[in-house]
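Coordinate inspection notes
What follows is the residue order along each chain.
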Amino acid sequence: MTNEITVAMLDRKIAWCEQKLADAKAAAIQHMQDFYFEKTRASVTESWPETFSSQELADALSVEQVRYRIYYSQDNLTCRLFVFRPHCTPFEKETMLGTGFVPAQDGDTENIPNQPVEEVEE
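Residues numbered from 1 in each chain as written. Predicted model: local features only at pLDDT ≥ 70, side-chain atom pairs only at ≥ 80, totals over all residues. Heavy atoms only, no water.

**Re the side chain of Asp108**
- In this fold, Asp108 is placed in the segment after strand E4 (102-103).
- Although Asp108 is buried, it forms no salt bridge, and the closest oppositely charged side chain is Arg80 at an N-O distance of 4.0 Å.
- When sequence neighbours within four positions are dropped, the list of residues in contact with Asp108 reads Tyr36, Arg80, Phe82 and Pro103. (Helix = DSSP H or I, 4+ residues; strand = E, 2+ residues; numbered from the N terminus. Buried < 20%, exposed > 50% of the residue type's maximum accessible area, 1.4 Å probe, protein only. Lys, Arg positive; Asp, Glu negative; His and termini not counted. Salt bridge = Lys/Arg side-chain N within 4 Å of Asp/Glu carboxyl O. Contact = heavy atoms within 4.5 Å.)

What follows is the structure in structure tokens.
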């Protein structure tokens, strides 16, 4: 075995470097993304279940603050907390999914389900 570098070796090394560069660029791609977290309660007299604060979410995403909006079902037993990430990176997406958020789709603010009401027959 000699210490010569062949053209084939250089080609493989260049291809490997180009692939690593492409992977790094793909990981840094940012896009707009809405996420929501749904909370339910059994009665309107109950308080909403505790989950996390907006500051805890901001800390997890390594940002100063997180803006959100809340939508309620007509029966006021379900609420959805929507968080908009204008420059969502893969890290932010994984963090949001890891905290229980799901990616929002068109119409998710309008189709918040009412909770089934149990009817008691006497």
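**Section: the sheet that holds strand E2 (residues 68-72)**
- The four strands lie next to each other as E2-E3-E1-E4, forming an open sheet whose pairing is antiparallel. Edge positions in the sheet fall to E2 and E4, since each has one partner strand and no second.
- Here strand E1 (residues 31-40) runs beside E4; their pairing, made up of two bridges, is antiparallel. When the bridges of E4 are listed, Phe35 appears paired with Pro103. (Pairing = 2+ DSSP bridges.)

**A few points about the pairing of E1**
- Strand direction decides the pairing type here: E1 and strand E3 (residues 78-88), joined by nine bridges, are antiparallel. Looking at E3, one finds that Asp34 is bridged to Phe84.

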